Amino acid sequence: MEKIYLDYAATTPTDPQVIAAMEPYFFEKFGNASSLHAYGQEAKKALEDSRQAVAESINAKPEEIVFTSGGTESDNSALLGVAYALEKKGRHIITSSIEHHAVSEPAKLLEKRGFRITYLPVDKYGMVSPEDLKQAISNETIFISIMHANNEIGTIQPIAELAKIAKEKGIYFHTDAVQTFGHIPINVNELNVDLLSLSAHKFYGPKGVGALYIRKGTRVETFLLGGDQERGRRASTHNISGIVGCSRAVQLCLENMENETKLQTALRDRLIKEIPAKVDAVRLNGHPTKRLPNNVNFSIKYIEGESMLLSLDMLGIAVSTGSACTSTSLEPSHVLLAIGLDHETAHGSLRITMGRWTRESDIDYLMEKLPMVVKKLRAMSPLYEPGK
Ligand SMILES: *Cc1c(COP(=O)(O)O)cnc(C)c1O
């Protein structure tokens, strides 16, 4: 059976060139970067070279990069770290209604601790309005966090414009760039952000490693204590192999981005055209053009996303859905509700995300199977009337 992976937004395979770069750092060069002997210094050099490479890739300075355990930790640290550092200055935080849970859950925790949180709405494409942000800012506002691109619907936010508003008011701005890094160029100065989150496993690096960019001078309270690693900003023995893997993955992305973006955009636009032509009663979720080059998200009406996912899985095709009927929550994705979908349409969503190893033939195979799967499932749906 064919096996086709179209869920790159969930995670990516580790590039074999990344694995090769990591390999020496398990046995041969296993040192602790905090040790003063030669083993330690060898690890320390790998650490600082990696930091340099990651910093350069986003136009930051090496000392502005803190290596973390991934996107979740970077996002949690940004929100909680700034909130706790600045709570005497003010207790109001602004974020959007479509953030990843790694941002929205710490926001909820802060709400419980007495902070006021504003969740900005988005339009039908999932776009935050700069006007809404301006309106939401008060004298108490200390922090704004708005994601660069959404992991479900792929919409890319006008971060530079939003962050400029924050800068004019002297408010820290964080963006979760976990989905954009490696897909679109990132320059922290052009984006005007003070903090930015990255995760290696979303760009062909290993799982469990990421980075938080912290602009020089930004006040962030540390919450991993017990060592002076990362200039005292994050205790814990460095994950050297992971960090080396992260930096190799960064370099490969820079080398390949232009080509990959071109290829993936073509496949994306093919699906955006072909799915509505071959399947009736569908709706594209997210912005038609201001979206990640590798993201396609459709609501396929009158069927349930999870049944679709499982049927495609039986044919060897791995995709994702914003519906989660069999998991603990019956609620469809907050992102799909925020762009105005009713529950039923939100439950019928299908996310297809492509990456480095996606080929035209994979999309051919998907387009051969998808209409058939939809037809079969709709035949069992009491709500569906053909041609409606
Ligand atoms: C995957 C993801 C995260 C979490 O990153 P991990 O490294 O898996 O913890 C955070 N934000 C977004 C937008 C993501 O897609």
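Preceding this section is the structure that the text describes.
Residues numbered from 1 in each chain as written. Predicted model: local features only at pLDDT ≥ 70, side-chain atom pairs only at ≥ 80, totals over all residues. Heavy atoms only, no water.

Novice: Teacher, can you tell me more about the sheet that holds strand S8 (residues 210–214) here?
Specialist: What holds strands together in a sheet is hydrogen bonding between their backbones, with the strands either parallel or antiparallel. The strand order S2-S8-S7-S6-S5-S3-S4 describes an open sheet built from seven strands, whose pairing is mixed. The open sheet terminates on both sides in strands that have one partner only, identified here as strand S2 (65–68) and strand S4 (116–120). The average undirected angle you get between the axes of adjacent strands in this sheet is 20°. Two elements, strand S6 (residues 172–176) and strand S7 (residues 195–199), share three bridges in a ladder whose sense is parallel. When the bridges of S7 are listed, His174 appears paired with Leu195. (Pairing = 2+ DSSP bridges. Helix = DSSP H or I, 4+ residues; strand = E, 2+ residues; numbered from the N terminus. Axes fitted to C-alpha atoms, helices over the stretch in contact; angles between N-to-C directions.)

Novice: I would appreciate a short explanation of the environment of Ile19 in the present structure.
Specialist: Tracing the backbone shows Ile19 in helix H1 (residues 16–22). Of the residues examined, Ile19 reaches a relative accessible area of 45% and is grouped as partly exposed. (Buried < 20%, exposed > 50% of the residue type's maximum accessible area, 1.4 Å probe, protein only.)

Novice: Could you clarify how one ought to interpret the pairing of S4 in this entry?
Specialist: In summary, the side chains of a regular strand alternate between the two faces of the sheet. Pairing of strand S3 (residues 92–96) with S4, which is carried by five bridges, proceeds in the parallel orientation. Its bridge partner lying in S4, His92 is registered against Arg116.

Novice: Got a minute to help me understand the side chain of His92 in this structure?
Specialist: As for its position among the elements, His92 is in strand S3. Here Thr118 takes part through its side chain, which lies 2.6 Å from a polar atom of the side chain of His92. Of note is the side chain of His92, whose polar atom sits 2.8 Å from the side chain of Thr141. (Polar contact = N/O pair within 3.5 Å; in protein donor to acceptor, adjacent residues only side chain to side chain.)

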